[in-house]
Amino acid sequence: MRFASKTGKAETTAATCLVLPRHRASAVAEALGVAEAVELALAATPAREGALVTIPLPGKVKRMVAVGSDVVKVKAERFRRDMATVAKALATMDVTDATVCVDDFEVPDHDTDWKVRTALAAVTDACYRFNEYKSKPPKAAKLRRVSALVARADRAAAARAVQHAQALDSGLAFARDLGNHPPNICDPTFVAEAASGLAGEGVSVEVKDEDEMRELGMGAFLSVSQGSETPAKMVIVRYDGAEADAAPFVLVGKGITFDTGGINLKSAAGMGQMKLDMCGAACVLGVARAAIDAALPINLIAIAAAAENMPSGRATRPSDIVTTMSGQTVEIMNTDAEGRLVLCDALTYAERFKPAAVVDVATLTGAQITALGTVAAAMYANNDDLAQALEQAATYAHDRMWRMPLWSDYAEDLRTPFADVKNVGGRAGSITAACFLARFAKAYPWAHLDVAGPAMRGGAAWGSTGRPVSALFQYLIDQAV
């Protein structure tokens, strides 16, 4: 999909498909000389929230799409829903390009950047398809280009918004594609190869194999992959978009390309979804792709901790004790709590970069889904400024997260007489998992995003959502200002 911006007014714009709010349709139609056709179409459709009217026209505008009620000023959530309705319609129409009259939508307290980004994000979501493994793929959407029409005074803001929307489209597609590949294809080596494709000017990719991880002392990470025939990989993507002495932002992603639960075998129900247990790694690589495409003036490091968790004669057993890269020992009481084991060593590794902040992303616990469902990620942080910045970015991008407690009271549940810490404990599973990770992230501002619910979509559209790529990309944009 290609995004663009252009300046002008709806009344004087030539377009294959012109999208505007319903309250503006009559005036624009009058200026275009097609008032009768538009008035007849509007009269036949009730003016209500979410309503969509598509009107074929002669002349320089071939089709008009009017959305919403006759209310002039709409709330942000209403605009978002209207754009989603429009995008879904455009994805099925016989049109190759469309123009959204952004300035004609009045959303109090929201600027041009937000409106353009929100409209184009809806197109990104509506037009995404993953048909790589279908012998007879369905026809793709004909839509190829969407332009945001703004006033001349907003040209610079719109151009910047389009650049960011285009980069986000690329990053989300990268993350969703990686998550949607089947586990017999997408193993740790595949993840490493996909990440290697990001290498270029200002971007380097390093892949550490199990021998190198063993030399680093990553006993926790390696305990996860030791039951699998497929070796683990730790992938480090480094993007240098700022001065060499600028502290980098580090993103760490859980990349369990298939999670059986290991010896603590999962039930059969839902195990097919476990190919998506690497969505944290897919997310941070997708954010890296977006940051690179947007040429953000920051330094960024994305670490994908990729492994497969399988039962076998070599697999880790419940009550095994391993030594992490930090030197702390962990009693593994549940082999299905494996994500925190790959992450803890990756978080220790992140110290060497002297980061400005570290954010890890993981489909870590079913408890997150119990607490927040699929609407919001659970966010934990050891730094209030970082937590606030993430919350603001998530709200702006409508990729929501909710801060959860990281109190030492919960960490008591991780005590064991046999090691420094055990990997599970207590009923507050998402919180205790975060408390476990916090032990390995004391050297820098750190946040943990548990995205078990938001990272995947159910029903007919089952698969990866790419979340929270949008929130983290916005966070990096905010840090680059």
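Going by the structure above, here's the rest.
What you are looking at is a predicted structure, and each value in this text was computed from that prediction instead of being measured.

## Re the pairing of strand β13 (residues 357-362)
- Within β13, 6 of the 6 residues are buried, leaving the element largely enclosed by the surrounding structure.
- Along β13, one buried face is formed by A357, V359 and V361 and the opposite face, lined by V358, D360 and A362, is buried too.
- As judged from the 5 bridges shared by β13 and strand β17 (residues 446-450), these two strands associate in the parallel manner. Of the residues in β17, the one forming a bridge with V359 is A447.

## What about the packing of aromatic side chains?
- In total, this model carries 7 aromatic pairs according to the counting rule given.
- With a centroid separation of 5.5 Å and 65° between ring planes, the pair formed by F79 and F105 is classed as edge-to-face. A residue pair is termed long-range when its members are at least 10 positions apart, and F79 in helix α3 (residues 76-90) and F105 in the loop between β5 (97-101) and α4 (112-127) qualify at 26 residues.
- Between the aromatic rings of F249 and Y475, the centroid separation amounts to 5.9 Å while the plane-to-plane angle is 90°, which identifies the pairing as edge-to-face. With F249 in strand β9 (residues 249-259) and Y475 in helix α15 (residues 469-480), this pair connects stretches of sequence that are 226 residues apart. As far as burial versus exposure is concerned, F249 and Y475 are alike and both buried.
- Of the aromatic side chains, those joined through ring pairs into one cluster are F79, F105 and W114.

## Looking at the packing of helix α5 (residues 155-180) against α15
- In contact at an axis separation of 10 Å, α5 and α15 are set at 140° when each is read in the N-to-C sense. Taken together, the axes of α5 and α15 lie oblique to each other. Both α5 and α15 take part in a crossing whose hand is right-handed. Contacts between α5 and α15 pair R160, H164, A167, L168, G171, L172 and A175 from the former with V469, S470, F473 and I477 from the latter.
- Of the residues contributing to the contact of α5 with α15, the split by class is 7 nonpolar, 3 polar and 1 charged.

## Here we look at the packing of helix α10 (residues 339-350) against helix α14 (residues 429-438)
- Running from N to C, α10 and α14 cross one another at 30°; their axes reach a closest spacing of 9 Å. Considering the angle they form, α10 stands roughly parallel to α14. Handedness of the crossing formed by α10 with α14: right-handed. The segment α10 lies against α14, with R340, L341, L343, C344 and L347 engaging A433, F436 and L437.
- Of the residues belonging to the contact of α10 with α14, the class tally is 7 nonpolar, no polar and 1 charged.

## Considering the pairing of strand β14 (residues 377-381)
- β14 sits mainly inside the fold: 5 of its 5 residues count as buried.
- Residues A377, M379 and A381 of β14 are buried on one face, and the alternating residues A378 and Y380, pointing to the opposite face, are buried as well.
- Alignment of β14 against strand β15 (residues 401-403), held across 3 bridges, turns out to be parallel. Within β15, the residue paired with M379 across the bridge is R403.
- Each parallel crossover has a hand, and the one from β14 via helix α12 (residues 384-397) to β15 is right-handed.
- As paired elements, β14 and β17 share 4 bridges and run antiparallel to each other.

## Re the side chain of D399
- Within the secondary structure layout, D399 lies in the loop between α12 and β15.
- Reaching out from D399, the side chain makes a polar contact with the backbone nitrogen of A471 at a distance of 3.0 Å.
- Residues in contact with D399, not counting those within four places in the same chain, are A394, R467, P468, V469, S470 and A471.

## Thoughts on the sheet that holds strand β12 (residues 329-332)
- Reading across the sheet, the 3 strands line up as β11-β12-β16 and stay open at both edges, with mixed pairing between neighbours. In the strand order of this sheet, the two ends are held by β11 (320-323) and β16 (421-422), each with one partner.
- Bridge analysis of β11 against β12 gives 4 bridges, and the strand direction is antiparallel. Residue pairing for β12: D320 is matched across the bridge by I332.

## Looking at helix α2 (residues 35-43)
- Restricting attention to buried positions, one finds in α2 the residues V38, A41 and L42. Down the axis, α2 shows its buried residues gathered within 100° of arc, on one side only. Counted as exposed and oriented over 90 degrees from the buried face of α2: E36, L40 and A43.
- Close packing links the buried residues of α2 with α1 (22-32), β3 (52-56) and β4 (63-67).

## Examining the nonpolar core
- One finds V237, L300, L390, Y475 and L476 to be the most contacted residues of the largest nonpolar core, which totals 63 residues.
- If you tally residues by element for this core, the top one is helix α9 (residues 279-294), at 12 residues.
- Dropping the residues within four chain positions of it, L476 is found in contact with F249, V287, A291, L296, I298 and L300.
- Among the nonpolar cores identified, the runner-up in size contains 48 residues, and M213, M218, L222 and M325 belong to it.

## A few points about the side chain of K233
- Tracing the backbone shows K233 in strand β8 (residues 233-240).
- No salt bridge forms around the buried K233; measuring N to O, its nearest opposite-charge neighbour D209 is 5.6 Å away.
- Those residues within four positions of K233 in sequence are excluded, and the remaining contacts are P188, T189, V207, K208, D209, M213, F221, A304, A305 and A306.

## Some details on unusual backbone geometry
- Looking along the chain, the bond that leaves R467 and enters P468 is cis, with omega of 0°.
- Even without glycine at this site, D109 takes up a positive phi of about 70°.
- For D109, the location among the structural elements is in the loop between β5 and α4.
- In this model, A295 sits at a positive phi of 55°, which is unusual for a non-glycine residue.

## Some details on the environment of Q273
- Here Q273 is to be found in the loop between β9 and α9.
- Under the relative-accessibility criterion, Q273 is labelled partly exposed at 32%.
- Linking Q273 and N180, residues 93 residues apart in sequence, is a C-alpha distance of 10.0 Å.

Reading the values: the criteria
Residues numbered from 1 in each chain as written. Predicted model: local features only at pLDDT ≥ 70, side-chain atom pairs only at ≥ 80, totals over all residues. Heavy atoms only, no water. Buried < 20%, exposed > 50% of the residue type's maximum accessible area, 1.4 Å probe, protein only. Helix = DSSP H or I, 4+ residues; strand = E, 2+ residues; numbered from the N terminus. Pairing = 2+ DSSP bridges. Phe/Tyr/Trp six-rings, centres within 6.5 Å; stacked < 30°, edge-to-face > 60°. Axes fitted to C-alpha atoms, helices over the stretch in contact; angles between N-to-C directions. Parallel < 35°, antiparallel > 145°, perpendicular 65-115°, else oblique. Left-handed = near helix turned anticlockwise from the far one by under 90°. Contact = heavy atoms within 4.5 Å. Nonpolar A, V, L, I, M, F, W, Y, C, P; charged D, E, K, R; others polar. Right-handed = clockwise from strand over helix to strand, strands pointing away. Polar contact = N/O pair within 3.5 Å; in protein donor to acceptor, adjacent residues only side chain to side chain. Arc of directions from axis to C-beta. Core = buried A, V, L, I, M, F, W, Y, C linked by side-chain atoms within 4.5 Å. Lys, Arg positive; Asp, Glu negative; His and termini not counted. Salt bridge = Lys/Arg side-chain N within 4 Å of Asp/Glu carboxyl O.

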